[in-house]
Amino acid sequence: MLNFLIMWKEEDNKLKRSFTFGDFKEAFAFMTKVAAVVDEMDHHPFWTNTYNKVSIELNTHDAGNIVTEKDRKLATSIDQIFEQK
């Protein structure tokens, strides 16, 4: 859990993290893998991609736009995908 706290920053009722890749193709491949998990969980993040960087913000809209266990679970899944690169 300590590792999780270091990687994701809780700010403005959101969990935030940016990921950097070697190039756009790697970043897009990561987003594609994350998209499958997001769709399965039916929990869609706000995210952006610029060249080799993907930035993600998580919060739960139907809980009043706050960070919930659902966000932490998705963040853990995203971290696992990133570690597999």
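Placed above this text is the structure.
For the structure given in this document, a descriptive report is provided here. (Residues numbered from 1 in each chain as written. Predicted model: local features only at pLDDT ≥ 70, side-chain atom pairs only at ≥ 80, totals over all residues. Heavy atoms only, no water.)

Our focus in this paragraph is the overall build of the protein chain. The number of helices and strands found in the protein chain is three helices and four strands. Listing each helix as α and each strand as β along the protein chain from the N terminus yields α-β-β-α-β-β-α. Its C-alpha atoms give the protein chain a radius of gyration of 12 Å, within 12% of the compact-globule value 12 Å for 85 residues. Each principal axis of the C-alpha atoms in the protein chain carries an extent, and together these give about 35 × 25 × 20 Å. In the protein chain, which comprises 85 residues, the share counted as buried stands at 36%. The contacts in the protein chain between residues at least 6 apart in sequence include a share of 63% that link residues at least 24 apart. Accessible surface, the protein chain: about 5400 Å² in total, of which carbon and sulfur atoms supply 52%. Of the charged side chains in the protein chain, 11 are positive and 14 negative, and the gap between their average positions amounts to 4 Å. (Helix = DSSP H or I, 4+ residues; strand = E, 2+ residues; numbered from the N terminus. Rg over C-alpha atoms; globule rule 2.2 N^0.38 Å. Buried < 20%, exposed > 50% of the residue type's maximum accessible area, 1.4 Å probe, protein only. Contact = heavy atoms within 4.5 Å. Areas by Shrake-Rupley, 256 points an atom, 1.4 Å probe, with all protein chains shown as cover. Lys, Arg positive; Asp, Glu negative; His and termini not counted. Charge placed at Lys NZ, Arg CZ, Asp CG, Glu CD.)

Moving on to the nonpolar core. Core analysis: the largest hydrophobic core is formed by 19 residues, its most contacted members being Trp8, Phe19, Phe30, Ile56, Leu58 and Ile78. Contributions of two or more residues to this core are made by β2 (14–20), α2 (24–41), β4 (53–58) and α3 (69–83). Residue contributions to this core peak at six residues, all from α2. (Core = buried A, V, L, I, M, F, W, Y, C linked by side-chain atoms within 4.5 Å.)

By the element assignment, Pro45 lies in the loop between α2 and β3 (46–50). Classification of Pro45 as buried rests on a relative accessible area of 16%. Not counting the four nearest positions on each side in its chain, Pro45 is found in contact with Val38, Ile56, Glu57 and Leu58.

A word on the packing of α2 against α3. Two quantities define a packed helix pair, namely the angle between the axes and the distance from one axis to the other. Packing of α2 against α3 brings their axes to within 10 Å, and their N-to-C directions diverge by 150°. When the axes of α2 and α3 are compared, the pair comes out roughly antiparallel. Crossing geometry of α2 relative to α3 is assigned as right-handed. Note on element contacts: α3 touches α2 through Lys70, Lys73, Leu74, Ser77, Ile78, Ile81 and Phe82, opposite Phe30, Lys33, Val34, Val37, Val38 and Met41. For the contact of α2 with α3, a count of residues per class yields nine nonpolar, one polar and three charged. (Axes fitted to C-alpha atoms, helices over the stretch in contact; angles between N-to-C directions. Parallel < 35°, antiparallel > 145°, perpendicular 65-115°, else oblique. Left-handed = near helix turned anticlockwise from the far one by under 90°. Nonpolar A, V, L, I, M, F, W, Y, C, P; charged D, E, K, R; others polar.)

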